[in-house]
Amino acid sequence: QAQLGESGGALVQAGGSLRLSCAASGRTFSSYAMAWFRQAPGKEREFAAAISQSGISTIYGESVKGRFTISRDNTRNTVYLQMNSLEPEDTAVYYCSAGGLSVNWRSYVYWGQGTQVTVSS
């Protein structure tokens, strides 16, 4: 069992940075790969980044490569998404998820409620 809660979303100007956090409750955090997906208004859910249970392997969506960094601290049961050089196209609700390491949302079985990121031009 896992419960996920995201935080850190905000309104930021283009070119700025944000760090999202996702805190997990329960004893199984380290058993799961973690991922961030995002969904903009009127758009389908989009893969942003994922990290293996050990934190050694990471995967990034093409639209965020070189700008976003995913990390995790299993001691704190927390996964992070550092977002730099933000663009208006990054505006979306960002969701934290736990499951099998994949770019496909169907591989993830636990989801947070989401946190809003808005990037103004």
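Scroll up to find the structure this text is about.
Owing to the predicted nature of the structure, the values given are computational and were not obtained by experimental measurement. Counting restarts for each chain, with residues numbered from 1 along the sequence as it is written. Under the rules for a predicted model, residues below a pLDDT of 70 receive no local features and side-chain atom pairs below 80 are neither given nor counted, while totals for whole chains, interfaces and linings still include all residues. Computation of side-chain values covers all heavy atoms of the structure but excludes hydrogens and water.

1. Focus on the state of the cysteines
Move 1: When two cysteine sulfur atoms are found within 2.5 Å, that pair is recorded as a disulfide. By the definition in use, this model includes one disulfide.
Move 2: Bridging Cys22 to Cys96, the disulfide has an S-S length of 2.1 Å. The sign of the S-S torsion, about -80 degrees, decides the handedness of the disulfide formed by Cys22 and Cys96: left-handed. Placement of the pair is Cys22 in strand E3 (residues 18-25) and Cys96 in strand E9 (residues 92-99), with a sequence separation of 74 residues.
Move 3: For every residue, the accessible area (1.4 Å probe, protein chains only) is compared with the maximum for its type, and the residue is labelled buried under 20%, exposed over 50%, or partly exposed between those bounds. Judged by relative accessible area, Cys22 falls into the buried class, the value being 0%.
Move 4: Given the relative accessible area of 0%, Cys96 is considered buried. Numbered from the N terminus, helices here are DSSP runs of H or I no shorter than four residues, and strands are runs of E no shorter than two.

2. What about the sheet that holds E3?
Move 1: The strand order across the open sheet formed by four strands is E1-E3-E8-E7, and the pairing between neighbours is antiparallel. Of all strands in the sheet, those bounded by a partner on one side alone are strand E1 (3-7) and strand E7 (68-73). Direction aside, the axes of adjacent strands within the sheet are offset by 15 degrees on average.
Move 2: As defined by bridge partners, E1 adjoins E3 across five bridges and the pair is classed as antiparallel. Note on E3: the bridge partner recorded for Gln3 is Ser25. DSSP-based pairing: two strands are paired if at least 2 bridges between them are found. Here the axes come from fitting lines to C-alpha atoms, over the contacting stretch only for helices, and the angles between their N-to-C directions go from 0 to 180 degrees.

3. A short note on the pattern of salt bridges
Move 1: Throughout this description, the term salt bridge denotes a Lys or Arg side-chain nitrogen within 4 Å of a carboxyl oxygen of Asp or Glu. Applying the stated criterion across every chain yields a total of five salt bridges.
Move 2: Arg38 is the salt-bridge partner of Asp90, the closest N and O atoms lying 2.8 Å from each other. Of this pair, Asp90 sits in the loop between strand E8 (78-83) and E9 while Arg38 sits in strand E4 (residues 33-39), placing them 52 residues apart in sequence.
Move 3: Its relative accessible area of 1% is what places Asp90 among the buried residues.

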